[in-house]
Amino acid sequence: MLRKLIVVAAVSLSLAGCKSFREGYRKGFIESWEKNFVKSCVGSNDAPEQRELCQCVAARAVSELTVEQLSDVSYTTKYIQDNIMPACQSE
């Protein structure tokens, strides 16, 4: 009985650690993606309007897309062109 409790406790702690790791990875990935996207989007045109547009696109992308979708460059590019860019340009 005690042995079963120890096993259950160990498995529970292990699963909690996995969830914590996944959430930490997700958060780090999104922060990195957003920062790198804005830097790439702005490029050499660091005008306030360009930076504002790039920040809008990045913020919407990380709120609307999953980590898996953000990792798929072709999907993300098409989604941004078709959905996010028009919305940010009209703001």
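Residues numbered from 1 in each chain as written. Predicted model: local features only at pLDDT ≥ 70, side-chain atom pairs only at ≥ 80, totals over all residues. Heavy atoms only, no water.

Brief notes about the side chain of Thr-76
Filter applied, for reference: A helix here means a DSSP run of H or I that spans at least four residues, while a strand means a run of E at least two residues long, and both kinds are numbered starting from the N terminus. Exposure is judged per residue with a 1.4 Å probe applied to protein chains only, and the accessible area is read against the type maximum: over 50% gives exposed, under 20% gives buried, and values in between give partly exposed. Two residues form a contact once any of their heavy atoms are found within 4.5 Å.
Along the chain, Thr-76 turns up in helix H4 (residues 73–90). For Thr-76, a relative accessible area of 4% corresponds to the buried category. Residue contacts for Thr-76: discarding those within four places in its chain leaves Trp-33, Leu-65, Gln-69 and Leu-70.

A word on the pattern of salt bridges
The condition is simple: By salt bridge we mean one thing: a side-chain nitrogen of Lys or Arg within 4 Å of a carboxyl oxygen of Asp or Glu.
Here the structure, examined in full by the defined rule, presents five salt bridges. Among the salt bridges present, the one from Arg-26 reaches Glu-23, with a minimum N-O distance of 3.6 Å. Placement of both Arg-26 and Glu-23 in helix H1 (residues 2–42) is noted, with a separation of three residues, approximately one turn of the helix. For Arg-26, a relative accessible area of 38% gives the class partly exposed. Its relative accessible area of 45% is what places Glu-23 among the partly exposed residues. Taking the shortest distance from any N to any O, the salt bridge between Asp-46 and Arg-51 comes out at 2.9 Å. Accessibility expressed as a relative area gives 31% for Arg-51, which makes it partly exposed. What emerges from the salt-bridge pattern is a single network uniting Arg-60, Glu-64 and Glu-91.

Geometry only, nothing functional implied.
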